[in-house]
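Now for the letters of each chain:
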Amino acid sequence: MASVNLRGSKRRSDWRIGTAALLLAAAQGGNVLAAAPQPAIYSPPHSPLLLTRTLYRPLPDGKAIVTRRTYSVRIVPDGTGYRVEGELVQATVEAPPKLSALAEIERQRPDTGMFPILLDARGQIQGGGNVQSDGALGRAAVIAAQAIGGSGLQAIDMLQAQDFVRQLSSRSPRSQWPADVFNPAPGKRDEARTIALPGGNEGRVNIEIASLGANQAGQLAFLERVVTTDLAGDTRMTREQWQLSKPPSDASR
């Protein structure tokens, strides 16, 4: 039994090391993929809009934690480009019942420093959006770890909880959004990378981005990024979606 536990521990350690390298590549690749052709003219509405980001994060048993954050934003002229001002108005987190306490920590997390976001004349992100954790993520990870210690969770639930804590404590303070979230060119694009990992192993990351423009339901822009990481046959997928839309009361206009 001890040898099995050691192998399992080494496998999780290898996955964490590999994931760190692959996610770094994914973040860098996201910026490369964002350089899609864009309309020459960007003319956002002057009225307030809703920006919703949905993040699907896998857990070891195939389930997922789904975090959805909605911001009220206003896009205003700023020099030769634009400035996105906004504030968090709603946050929801869906997670397995035994992770509800940890999900609540994530739900209450503030997005300090998210705004303003700076856009160029074509609506491409140029700067800003530096999410300052101000220790909140670190504190959340500590609280979560303490909760796990006295929870009496079964093995698979413990693995889920530990993975959730890892996601909390390892999150980058800078939000790596594709540059064309606010004004995407409709279509699909993807990129695959192979990464050399410790011990002679090899990892692979595949980044796919699909985007849509405006529709009659009030949506102004929609972009989805799917990052699939493969480490020695252990594959996981993270999916993010961004939707910019008019508030419900304005959608019919």
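Residues numbered from 1 in each chain as written. Predicted model: local features only at pLDDT ≥ 70, side-chain atom pairs only at ≥ 80, totals over all residues. Heavy atoms only, no water.

### Here's the deal with the pairing of strand β7 (residues 202-212)
Residues in a regular strand point their side chains to alternate faces of the sheet. With burial as the criterion, only one face of β7 is covered, namely that bearing G203, V205, I207, I209 and S211; the residues E202, R204, N206, E208, A210 and L212 on the opposite face remain uncovered. In this sheet, β7 lies alongside strand β6 (residues 187-196) in antiparallel orientation, the contact comprising 10 bridges. In the sheet register, K188 faces β7, and the bridge partner there is A210. A loop of 6 residues connects β7 with strand β8 (residues 219-231), the two strands running antiparallel in sequence, and G218 in this loop sits at a positive phi of about 100°. (Buried < 20%, exposed > 50% of the residue type's maximum accessible area, 1.4 Å probe, protein only. Helix = DSSP H or I, 4+ residues; strand = E, 2+ residues; numbered from the N terminus. Pairing = 2+ DSSP bridges.)

### Details of the pattern of salt bridges
When the charged atoms of two side chains with opposite charge come close together, those side chains can pair. For the structure on display, the rule yields 9 salt bridges. Residue E240 pairs with R53 through a salt bridge whose shortest N-O separation is 2.6 Å. You can see E240 sitting in strand β9 (residues 234-245) and its partner R53 sitting in strand β1 (residues 49-58), a full 187 residues away along the chain. The exposure classification of E240 matches that of R53, with both residues buried. The closest approach of N and O atoms between E224 and R239, which form a salt bridge, is 3.2 Å. Linking E224 in strand β8 with R239 in strand β9, this pair joins segments that are 15 residues apart in sequence. Residue classification places R239 among the partly exposed residues on the basis of a relative accessible area of 24%. Several salt bridges share partner residues, and in doing so they unite R53, R225 and E240 into one network. (Salt bridge = Lys/Arg side-chain N within 4 Å of Asp/Glu carboxyl O.)

### A short note on helix α2 (residues 100-107)
For α2, the full list of buried residues reads L102, A103, I105 and E106. Seen along its axis, α2 keeps its buried residues to an arc of 155°; they face one direction. (Arc of directions from axis to C-beta.)

### Considerations on the confidence of the model for the protein chain
Confidence along the protein chain averages 75 in pLDDT terms, with 64% of residues attaining 70 or more. In this model residues 1-9 is a low-confidence stretch, pLDDT under 50, and it forms 0 contacts with partners more than four residues away in sequence or in other chains. Residue range residues 26-34 is modelled with pLDDT below 50. Its contacts to residues more than four positions away, or to other chains, number 24 contacts. (pLDDT = per-residue confidence, 0-100. Contact = heavy atoms within 4.5 Å.)

### Overview of the packing of aromatic side chains
The description of an aromatic ring pair rests on the distance of the ring centres and on the angle between the ring planes. Per the counting criterion, the structure on display carries 3 aromatic pairs. For the pair Y42 and Y82, a centre-to-centre distance of 5.4 Å together with 85° between the ring planes defines the contact as edge-to-face. With Y42 in the loop between α1 (2-33) and β1 and Y82 in strand β3 (residues 81-94), this pair connects stretches of sequence that are 40 residues apart. Here Y42 matches Y82 in class, with each residue buried. Above the ring of Y56, the side-chain terminus of R239 is found at 4.0 Å from the ring centroid. (Phe/Tyr/Trp six-rings, centres within 6.5 Å; stacked < 30°, edge-to-face > 60°. Lys NZ or Arg CZ within 6 Å of the ring centre and 35° of its normal.)

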